[in-house]
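# An overview of the molecular structure
Here is how the chains run, residue by residue.
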Amino acid sequence: MYYDTVIIGGGAGGLELASKLGRALGRKNGPEKVLLIDRSPFHIWKPTLHEVAAGTLNPQQEGLSYSILARANHFSFVLGELVKFQPENKTLSLQAVYHENGEMIIPERLISFNRCVLALGSGSNFFGTPGSEHAYVLENAQDAQNFHTHLLNLFAKAAYSADKSLNVVIVGGGATGVELSAEMMEAYHEIQNTVGSEQRFRIQITLIEAAPRILAGLPEKVSEQATQALRQKQIKVLSGTKVTEIFSNKVETDQGSIPADVVVWAAGIKAADRNQEYGLPVNRINQFEVNDQLQTPFDGVYALGDCAACPWEDGKLVPARAQAAHQEADFLCKLLLTRIEGKAFDQTFRYKDSGSLVSLGNNHGVGNLMGSLSGGSFFIEGLIAKYMYMSLHLLHHKTILGYGKTVLLALARIMQQRVSGRLKLH
Ligand SMILES: Cc1cc2nc3c(=O)[nH]c(=O)nc-3n(C[C@H](O)[C@H](O)[C@H](O)COP(=O)(O)OP(=O)(O)OC[C@H]3O[C@@H](n4cnc5c(N)ncnc54)[C@H](O)[C@@H]3O)c2cc1C
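Residues numbered from 1 in each chain as written. Predicted model: local features only at pLDDT ≥ 70, side-chain atom pairs only at ≥ 80, totals over all residues. Heavy atoms only, no water.

## Digging into the domain arrangement of the chain
Its domain assignment divides the chain into domain 1 (2–122 + 271–340), domain 2 (125–265) and domain 3 (355–420). One C-alpha centre belongs to domain 1, the other to domain 3, and the line joining them spans 25 Å. Contact residues are listed per partner, giving 23 residues for domain 1 and 15 residues for domain 3. Summed over both sides, the interface between domain 1 and domain 3 buries roughly 1400 Å², with carbon and sulfur atoms accounting for 51% of that surface. Three residues stand out in domain 1 for area buried against domain 3, namely Trp45, Gln61 and Leu64, and they jointly supply 34% of the buried area on that side. Remark: the boundary between domain 1 and domain 3 carries zero salt bridges. (Domains from an automatic or database assignment. Contact = heavy atoms within 4.5 Å. Buried area = accessible area lost by both parts, 1.4 Å probe. Salt bridge = Lys/Arg side-chain N within 4 Å of Asp/Glu carboxyl O.)

Below, the structure is given as structure tokens:
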């Protein structure tokens, strides 16, 4: 199999890039020239995984089939997991696909390319903390679904237990941990509303952060407001606390031990260890080192999003965020289209931080907007922040589905929630 441009990983960045390139090249050339590869047959925007985990978003409705997106946006799609990558002779291999019963469905495949973009995302970083096997992570839709199923079981167990209580510990006070704790508290209240008084139980959600404050990468005011909002929701926020070991029933910290019926680890990212095997330079968290055109040392081989270590300002790297993956996809689309036309491209990538928004559950958010009319950063909260947060998801859908389908999908979801309720209980 040969394609001019191959994108591996159809997440926040890779899928947007494939869609834009395919649409620019058109119905005839797009599917011939552009191939997207992903190990999953359907796409879920990763920043919504905490909602899948809490059960406030249904992955069966949320997931969009890559094959259908490929047809609509004029690119080709192949299901498979990257296992070998040879940048020097521009080939890659995808693992064979097997049925649950062990039968091989698709054999291993070798694909040659002229240009390739690695958009493989990242996973969790436990920083060597012992007991990681006792913690849940939210790396993909399957993880989020597994956690959700476990959470429903724990809710049921707590409802029939003698002490009627449930202890949840979330490690990591970044956006993921903060959003997950708020979303879980909402799921708990929804559940309480569906059961009789005899099955009601108490929940203690504890959010642990090693840094002196949660949302340490955001302005102090955002962090203060988020802490206040979480405490109002009866979520315990322990900042300046380092987890030293995880057990099946507790978390040990440098300040003492905390009981835990379930632990979720959301304290940092690391790209796949396998990235070290591809002959490309990687940093200490396995991100591919790229220059200011997102290119690796190999001609025609690029990386974007969480798996790329791209220089930014003051010696820092571009942060691992959906907005960075989105901007990098835009940049690479222009670069690749120019190169496909056989022309030179001399622009460089500059990440523009537009601020960050954090969802604190239904109708509440906090955040800061950067590069505003004032030229600085300003604080927003409440319903406006929540609506702006939701609009980021819609913007992603607009890039991959177009305006009309995004509006239809949003309306369909509102109607579905009206019929089935906000929480997925099965
Ligand atoms: C719960 C949560 C909430 C978040 N909230 C926010 C937020 O509010 N704002 C924000 O800016 N960012 C947020 N993020 C971070 C954001 O999701 C990531 O920065 C962004 O998704 C990175 O995009 P990407 O394209 O690099 O990778 P991803 O979106 O992770 O996509 C990677 C893709 O590569 C595929 N893949 C991986 N390995 C292979 C392989 N070997 N072979 C084939 N395919 C492979 C995966 O299946 C996946 O589809 C959040 C993350 C999480 C987990």
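## Some details on the packing of aromatic side chains
All told, the structure shown has 11 aromatic pairs when counted by the stated rule. Judged by centre distance (5.1 Å) and plane angle (70 degrees), the rings of Trp312 and Tyr351 are edge-to-face. Here Tyr351 lies in the loop between α8 (322–340) and β24 (355–359) and Trp312 lies in the loop between β23 (308–309) and α8, a separation of 39 residues in the sequence. By the burial criterion, Trp312 is buried, and Tyr351 matches it. Feature note: the residues Phe85, Phe113, Tyr278 and Phe288 constitute an aromatic cluster, connected by ring pairs. The cationic tip of Lys250 hangs over the ring face of Phe247; the distance from NZ or CZ to the ring centre is 4.9 Å. (Phe/Tyr/Trp six-rings, centres within 6.5 Å; stacked < 30°, edge-to-face > 60°. Helix = DSSP H or I, 4+ residues; strand = E, 2+ residues; numbered from the N terminus. Buried < 20%, exposed > 50% of the residue type's maximum accessible area, 1.4 Å probe, protein only. Lys NZ or Arg CZ within 6 Å of the ring centre and 35° of its normal.)

## What about the sheet that holds strand β14 (residues 202–208)?
The strands making up a sheet are joined through hydrogen bonds of the backbone, oriented either antiparallel or parallel. The sheet built from five strands is open, its strands ordered β12-β19-β13-β14-β15 with parallel pairing. Strands at the two margins of the open sheet, each flanked by one partner only, are β12 (135–136) and β15 (236–238). Where β12 meets strand β19 (residues 262–265), two bridges bridge the pair, whose relative direction is parallel. Looking at the pairing, Tyr136 lines up with Val264 of β19. Strands β13 (165–171), β14 and β19 of the sheet are contacted by helix α6 (residues 175–194), whose axis makes an angle of about 175 degrees with β14. (Pairing = 2+ DSSP bridges. Axes fitted to C-alpha atoms, helices over the stretch in contact; angles between N-to-C directions.)

## As for the packing of helix α1 (residues 14–33) against helix α9 (residues 382–401)
Between α1 and α9, whose axes approach to 8 Å, the crossing angle comes to 35 degrees. Contacts between α1 and α9 involve Leu15, Glu16, Ser19, Lys20 and Arg23 from the former and His396, Thr399 and Ile400 from the latter. Considering only residue class, the contact of α1 with α9 consists of two nonpolar, three polar and three charged. (Nonpolar A, V, L, I, M, F, W, Y, C, P; charged D, E, K, R; others polar.)

## A look at the sheet that holds strand β17 (residues 250–253)
One open sheet holds the three strands; their spatial order is β16-β17-β18, and the pairing between them is antiparallel. The open sheet terminates on both sides in strands that have one partner only, identified here as β16 (243–246) and β18 (256–259). Averaged over all pairs of adjacent strands, the angle between strand axes in this sheet comes to 25 degrees, irrespective of strand direction. When β16 meets β17, the two strands line up antiparallel, connected through three bridges. Within β17, the position partnered with Val243 by the bridge is Thr253.

## Quick word on the site of the ligand
Within the structure, the ligand sits among 30 residues, and Gly13, Asp38, Leu82, Asp306 and Ala322 are positioned closest to it. One of the backbone N or O atoms of Ala12 is found 3.0 Å from an oxygen atom in the ligand. One of the backbone nitrogen or oxygen atoms of Gly13 is found 2.8 Å away from an oxygen atom of the ligand. With the chains in place, 88% of the 1000 Å² that the ligand exposes on its own is no longer accessible. With three residues, α8 is the single largest residue contributor to the shell around the ligand. Grouping the constituent residues of the shell around the ligand by class yields 11 nonpolar, 11 polar and eight charged. Each of two domains, domain 1 (2–122 + 271–340) and domain 2 (125–265), supplies a minimum of three residues to the shell around the ligand. (Near = heavy atom within 4 Å. Polar contact = N/O pair within 3.5 Å; in protein donor to acceptor, adjacent residues only side chain to side chain. Areas by Shrake-Rupley, 256 points an atom, 1.4 Å probe, with all protein chains shown as cover.)

## Here we look at the state of the cysteines
Any covalent bond linking the sulfur atoms of two cysteines counts as a disulfide. In total, this model carries zero disulfides according to the counting rule given. Left unpaired, Cys310 is separated from the closest cysteine sulfur, that of Cys307, by 11 Å. Residue Cys310 is classed as buried on the basis of its relative accessible area, which comes to 0%. (Disulfide = S-S within 2.5 Å.)

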